[in-house]
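Residue-level structural notes
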Amino acid sequence: MAILQVNDIHVYYGSIHAVKGVSFEVNQGEIVTLIGANGAGKSTVLNTVSGLLHPASGSVVFDGKDLKGVAAHKVVEHGMAQVPEGRRVFLQMTVEENLEMGAYTRPRDEIMGSMDDVYRRFPRLKERRRQIAGTLSGGEQQMLAIGRALMSKPTLLMLDEPSMGLAPILVEQIFDIIRELHAGGTTILLVEQNAQAALSIADRAYVLETGKITLSGTGAELMASDKVRQAYLGG
Amino acid sequence: MVFLSYLISGLSLGSVYAIIALGYTMVYGIAKMLNFAHGDVIMVGGYICFIATTNLGLPVWLAVILSMAACTVLGVVIEGLAYKPLRQAPALAVLITAIGVSYFLQNAALLIWGANPKMFSPVVTGTLQLFDGQLTISYVSLLTIAACIVIMIALTLYINKSKMGKAMRAVSEDKGAAQLMGIHVNRTISTTFAIGSALAAVAGVLYCSFSPMLMPTTGSMPGIKAFTAAVFGGIGSIPGAFLGGILLGIIESLAKAYISTNMANSIVFAVLIVVLVVKPTGLLGKYVPEKV
Ligand SMILES: Nc1ncnc2c1ncn2[C@@H]1O[C@H](COP(=O)(O)OP(=O)(O)OP(=O)(O)O)[C@@H](O)[C@H]1O
Ligand SMILES: [Mg+2]
């Protein structure tokens, strides 16, 4: 069953036509990845799904509900959370406050339990919970960004280049976490430039090129495709 | 002893500036705009209090509450009608609009209350005599300083501990990320205006208690000074606004006493320029690292 359906969306920045008729779907329990070069429109697609951007035409249907006209701050209540590109944690707030913001729409008494879950998954964050997020390392900030998104208990978790700028060992850790979250029942939509790693954990994948989807298939199919190997896997 | 009395009058004047500067700095920090109409909300606050006490014969405390309530509504309405539609507009358009709102408020006041100054009677009267009458402190001064301290503490607690306060800080850092968290950005900004405007009403009442000639342009000067104070302390910083306001008041008062009454304002602004040259972010302004 498709939990997310994106139907022929067109997105503009002023006169720049960044996304030109993209359609795809994510089924309950899948890991789906969207790969593509810089400027292909991956973040634009994710931000349109989360309601930060509005499509000029086309629709986003989440859990059977058309999100047209739903304000960006309401989308999270439908069970969708995004780990934005560049982490975008609140640098001047503490780790714990960042996590509280992640649970902003949830009742107070439920927050403690979720926070314990996040701390169990990321013990490093627990040690640093009174620290200002701006003083965390890049890897720690990425964990915080993921932890913050988990605080809303999303059914669909969207991650925008979570491996960006991280050392290989941390990249591996991040992908392990994504696998664990998926095993725990969370549906994942992953945007990556690290095509190798993304395709290897994805059930299905889409390739985005200058605002259009040019290829799609299972992770294994795309990994075997000549075109993908040449363009994204370095031969 | 004379020095001490100048210091105390500077401290109380500075407290008024600080209360106004808090409004400027909160709005700047969260909505990223300079609300130049903030000073005129002070004037409206003064008029409402004046009418409530003089024309309606209400007790002072009720008049102050009424004035705060009216200014809160005014602030929220100004934000909703004039600034909200410009959320995506260039900063210059917002700035020009704010100046427009400022003139609108002044002219509306002129229309409603006329050009003749009203004599505002201080909210409290009397003085405290210390050291065998060598040092005289007015109760208004003490009230003002106390109000400023209470407001400062309450606001700091609110911003740091309350859910809305935390949302304000999140919005001030990253509106988009705040929205992803489910924070209603527009409501957060409205709340900021509401608080800033309620503080402006308090400041208006206190300011008029020192400087009782109430006119439609009454808010301009304290508005500009408080804006200076906010920049001086580091715009966007709450402790900065407090410190900037107090220092500005003290500098102004001492300059008036020891250098020249006419030069006092020039000296205040000269100090501002020096501070900004040495430390462009203001005294307590933070350098915010760019995100990667
Ligand atoms: N705020 C903006 N204003 C104007 N153009 C934009 C804006 N954001 C993105 N674009 C343009 O839209 C296109 C798609 O950008 P987008 O950020 O979605 O790409 P991306 O696939 O996420 O790239 P990257 O891998 O570098 O993150 C690019 O051509 C980009 O220049
Ligand atoms: Mg991107």
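Now for a description of the structure that goes with this document. No experiment lies behind these values; they were computed from the predicted model shown. Within any chain, residue numbers begin from 1 and follow the written order of that chain's sequence. Starting at A for chains and at 1 for ligands, labels are handed out in the order in which the entities are written. At least 70 in pLDDT is required for a residue's local features to be given in this predicted model, at least 80 for side-chain atom pairs to be given and counted, and no such filter applies to totals for whole chains, interfaces and linings, which use all residues. Here the side-chain values reflect all heavy atoms present in the structure, with hydrogen atoms and water set aside.

Residues and elements named next belong to chain A. As a rule, N, O and S atoms within 2.8 Å of a metal are its donors, except that Na, K and Ca use 3.2 Å; water is not among the atoms, so sites may look incomplete. For the magnesium ion (ligand 2), the full set of protein donor atoms is Ser43 (OG) and Glu85 (OE), and the range of their distances to it is 1.9 to 2.5 Å. Taken together, the positions of Ser43 in helix H1 (residues 42-49) and Glu85 in the loop between strand E6 (80-83) and helix H3 (95-102) put the pair 42 residues apart, joining distant regions of the chain. Relative accessible area decides the class of each residue, using a 1.4 Å probe on protein chains only: under 20% of the type maximum gives buried, over 50% gives exposed, and in between gives partly exposed. On the basis of relative accessibility, which here comes to 17%, the residue Ser43 falls in the buried class. Judged by its relative accessible area of 33%, Glu85 falls in the partly exposed class. For helices the rule is a DSSP run of H or I covering at least 4 residues; for strands it is a run of E covering at least 2, with both sets numbered from the N terminus onward.

Turning our attention to the interface of chain A and chain B. Chain A puts 23 residues into the contact, and the matching count from chain B is 22 residues. Two parts placed together each lose some accessible area; with a 1.4 Å probe, that loss summed over both constitutes the buried area. Across the chain A to chain B interface the summed buried area is about 2,300 Å²; carbon plus sulfur atoms make up 61%. Definition used for salt bridges: Asp or Glu carboxyl oxygen within 4 Å of a side-chain nitrogen of Lys or Arg. Taken together, the connections running from chain A to chain B amount to 3 salt bridges. When the shortest N-O distance is used, the salt bridge between Lys166 of chain B and Glu100 of chain A registers 2.5 Å. Any pair of nitrogen or oxygen atoms within 3.5 Å is treated as a polar contact; in protein, a donor-acceptor pairing is required on top of that, and neighbouring residues in sequence qualify only through side-chain atoms on both sides. For the interface between chain A and chain B, the tally reads 6 residue pairs in polar contact (both at pLDDT 80 or more). Elements represented by at least two residues in the side of chain A that touches chain B include exactly helix H2 (72-75) and H3 of chain A. Among the elements that line the side of chain A that touches chain B, the one with the most residues is H3 of chain A, at 4 residues. Any residue outside Ala, Val, Leu, Ile, Met, Phe, Trp, Tyr, Cys, Pro, Asp, Glu, Lys and Arg is labelled polar, Gly included; the first ten of those are nonpolar and the last four are charged. Across the side of chain A that touches chain B, the residue classes break down as 10 nonpolar, 7 polar and 6 charged. Here, residues are in contact when the closest pair of their heavy atoms is within 4.5 Å.

Here we come to the packing of helix H5 (residues 139-161) of chain B against helix H10 (residues 238-258) of chain B. Residue and element names in this part refer to chain B. In this analysis, axes come from line fits to C-alpha atoms, helices being fitted only over the stretch in contact, and the angle between any two N-to-C directions falls in the range 0 to 180 degrees. Running from N to C, H5 and H10 cross one another at 165°; their axes reach a closest spacing of 10 Å. Between H5 and H10, the angle is such that the two are roughly antiparallel. Between H5 and H10 lies a crossing of left-handed hand. Facing Cys148, Met152, Leu155, Thr156 and Ile159 of H5, the residues of H10 in contact are Ile238, Pro239 and Phe242. Tallied by class, the residues present in the contact of H5 with H10 amount to 7 nonpolar, 1 polar and no charged. Note on terminology: angles under 35 degrees are roughly parallel, angles over 145 are roughly antiparallel, angles of 65 to 115 are roughly perpendicular, and the others are oblique. Take the far helix as your reference; a near helix turned counterclockwise from it by less than a right angle gives a left-handed crossing, and one turned clockwise gives a right-handed crossing.

Residue and element names in this part refer to chain A. One open sheet accounts for 4 strands, arranged E2-E1-E4-E5; its pairing is antiparallel. Of all the strands in the sheet, the pair left with one neighbour each is strand E2 (16-27) and strand E5 (65-66). Between any two strands, pairing holds if DSSP finds at least two bridges. Bridge count between strand E4 (residues 57-62) and E5: 2 bridges; the pairing is antiparallel. Counterpart to Phe62 in the pairing with E5 is Lys65. Along the sheet face, H1 touches strand E1 (2-13), E2 and E4 and points at about 115° away from the line of E1.

Time to look at the site of ligand 1. All names here are of chain A. Among the 14 residues in the neighbourhood of ligand 1, the closest are listed as Asn38, Lys42, Ser43, Thr44 and Glu85. Side-chain polar atom of Lys42 to an oxygen atom of ligand 1: 2.7 Å apart, as the coordinates give it. At 2.4 Å from an oxygen atom of ligand 1 is found a side-chain nitrogen or oxygen belonging to Glu85. The accessible surface values rely on the Shrake-Rupley method and a 1.4 Å probe; as for residues, cover is taken only from the protein chains in view. Relative to its unbound accessible area of 630 Å², ligand 1 is 63% covered by the protein chains. Mapped by element, the contributors of at least two residues to the shell around ligand 1 are E2 and H1. Per element, the largest residue contribution to the shell around ligand 1 is 3 residues, and it comes from H1. Residues that form the shell around ligand 1 fall into these classes: 5 nonpolar, 6 polar and 3 charged. If even one non-hydrogen atom of a residue comes within 4 Å of a molecule or strand, that residue is called near it.

Attention now moves to the nonpolar core. In these notes, a set of buried Ala, Val, Leu, Ile, Met, Phe, Trp, Tyr and Cys residues joined through side-chain atoms within 4.5 Å is what counts as a nonpolar core. Core analysis: the largest hydrophobic core is formed by 68 residues, its most contacted members being Phe90 and Met101 of chain A together with Leu22, Met33, Tyr83 and Ile183 of chain B. Element by element, the count of residues in this core is highest for helix H1 (residues 2-31) of chain B, at 13 residues. The contacts of Phe90 of chain A, once residues within four sequence positions are left out, are Asn98, Met101, Ala133 and Arg148 of chain A together with Ala170, Glu173, Asp174, Ala177, Ala178 and Met181 of chain B. Grouped together as the second largest cluster of nonpolar side chains are 46 residues, Tyr119, Leu150, Val171 and Ile188 of chain A included.

The next point concerns the state of the cysteines. Residue and element names in this part refer to chain B. The criterion for a disulfide is a pair of cysteine sulfur atoms lying within 2.5 Å. What the rule picks out here adds up to 0 disulfides over all chains. Of all cysteine sulfurs, the one in Cys49 lies closest to Cys71, which takes part in no disulfide; the gap is 10 Å. Of the residues examined, Cys71 reaches a relative accessible area of 0% and is grouped as buried. We note that Cys208 lacks a disulfide partner, and the nearest cysteine sulfur, in Cys49, lies 8.2 Å from it. By relative accessible area, Cys208 is classed as buried at 1%.

Only the six-membered ring of Trp is used, alongside the rings of Phe and Tyr, when aromatic pairs are assigned; centres must lie within 6.5 Å, and planes under 30 degrees apart are stacked while those over 60 apart are edge-to-face, with the rest tilted. Tallying each qualifying case throughout the model produces 7 aromatic pairs over all chains. When the ring of Tyr47 of chain B is compared with that of Trp113 of chain B, the centres are 4.3 Å apart and the planes differ by 5°; the resulting orientation is stacked. Here Tyr47 of chain B, found in helix H2 (residues 38-55), pairs with Trp113 of chain B, found in helix H4 (residues 91-113); they are 66 residues apart in sequence, far enough to count as distant. Trp113 of chain B gets classed as buried once you look at its relative accessible area, which sits at 17%. Each residue in the set Phe3, Tyr6 and Tyr258 of chain B is aromatic and connected to the rest through ring pairs, giving one cluster. A ring has a charge above it when a Lys NZ or an Arg CZ is no more than 6 Å from the ring centre and no more than 35 degrees off the ring normal. Between the NZ or CZ atom of Arg148 of chain A and the centre of the ring of Phe90 of chain A, over which it lies, the distance is 5.0 Å.

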